[in-house]
Amino acid sequence: MRKRIRALLAHRQTVGRVGGFAVTVAFALYNGILGAIYASIWHGSICLYYLLLSALRGILLSAVRRPARERRAFRCASLLLPVLDLSLAVPAAMMVLDRKPVQIGQIPAIGMAAYTTYKVVLAAVGLKRSKKTESLAEKALRTIAFTDALVSVLTLQNTLIVVMDGSMGGKMQILSACSSAALLVLAVFAAVWNIVAGRRRAAQRR
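Fair warning: this is a prediction, and the values are worked out from it, not measured in the lab. (Residues numbered from 1 in each chain as written. Predicted model: local features only at pLDDT ≥ 70, side-chain atom pairs only at ≥ 80, totals over all residues. Heavy atoms only, no water.)

A.B. asks: Let's hear about the environment of Thr147: which residues, and what values?
C.D. replies: Relative to the assigned elements, Thr147 resides in helix H6 (residues 136-165). When near neighbours in sequence (up to four residues on either side) are disregarded, Thr147 contacts Tyr49, Leu84, Asp85 and Ala187. (Helix = DSSP H or I, 4+ residues; strand = E, 2+ residues; numbered from the N terminus. Contact = heavy atoms within 4.5 Å.)

Okay, structure coming up:
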């Protein structure tokens, strides 16, 4: 019975990850199209971020429960994770400079806040519950989910400031700059921690 339950949970987790991968690709293409149509730097930079995120998830998903591919996938992820974090610099700067288009009202913004809170809690709990028995690919996927949740926090912050105050300026701009920098540093730390922990584990297996 326990084996069946574990198999069912693993299957659900895989389906969820594949579904998340598909949504990420679709969102990247959506922003890419908008960026091309309106010559929008914001949409173009977000498209680049989600394309990198999709590539990372795709590489790691192909290695889950496949030991032969695990090390190669982890090496690729180790190279792409810092690039993914660096790609956030442009969107973060545009949000601080109030150049991100915001076209929603207060009620959708509150709904966005609730969803972002759920996403962050889920990613943080998943990262904390990461087991020693998990593969390198699964651990890296949890780190990526955490980074993606931080990006949602950055977007939510900008949206709430603009919706509630009308624009980004004065003290709010300083607050946005400081919190954005802190979240980006946290994302880089998570990436470095994942790489170091993964290399230690790989060394122990030799």
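A.B. asks: Go over a nonpolar patch on the surface with me, naming the residues and quoting the values.
C.D. replies: Where nonpolar side chains cluster on the molecular surface, the patch consists of Ile33, Ile37 and Tyr38 and spans about 370 Å² of accessible area. Classification of Tyr38 as exposed rests on a relative accessible area of 59%. (Patch = residues over 30% accessible without salt bridge, like charges linked within 9 Å, V, L, I, M, F, W, Y side chains within 5 Å. Areas by Shrake-Rupley, 256 points an atom, 1.4 Å probe, with all protein chains shown as cover. Salt bridge = Lys/Arg side-chain N within 4 Å of Asp/Glu carboxyl O. Buried < 20%, exposed > 50% of the residue type's maximum accessible area, 1.4 Å probe, protein only.)

A.B. asks: Kindly report on the environment of Asn158, identifying the contributing residues and their values.
C.D. replies: Tracing the sequence through the fold places Asn158 in helix H6. Here Asn158 falls in the buried class, since its relative accessible area comes to 1%. Remark: the alpha-carbon pair of Asn158 and Ala92, spanning 66 residues in sequence, is separated by 9.3 Å. In terms of polar contacts, Asn158 uses its side chain to reach the backbone carbonyl oxygen of Met95, at 2.9 Å. (Polar contact = N/O pair within 3.5 Å; in protein donor to acceptor, adjacent residues only side chain to side chain.)

A.B. asks: Any details on the environment of Ala190? Residues and values, ideally.
C.D. replies: Mapped onto the elements, Ala190 comes out in helix H7 (residues 171-205). Among the residues examined, Ala190 registers a relative accessible area of 6% and is labelled buried. Remark: the alpha-carbon pair of Ala190 and Leu127, spanning 63 residues in sequence, is separated by 10.0 Å. The residues touching Ala190, leaving out its near neighbours within four places in the chain, are Thr143 and Phe146.

A.B. asks: Please provide a residue-by-residue account of the pattern of salt bridges, values included.
C.D. replies: Taken as a whole and assessed by the stated rule, the structure comprises two salt bridges. Between Asp148 and Lys119 there is a salt bridge, with its nearest N and O atoms 3.2 Å apart. Highlighted residues: Asp148 in helix H6 and Lys119 in helix H5 (residues 106-128), separated in sequence by 29 residues.

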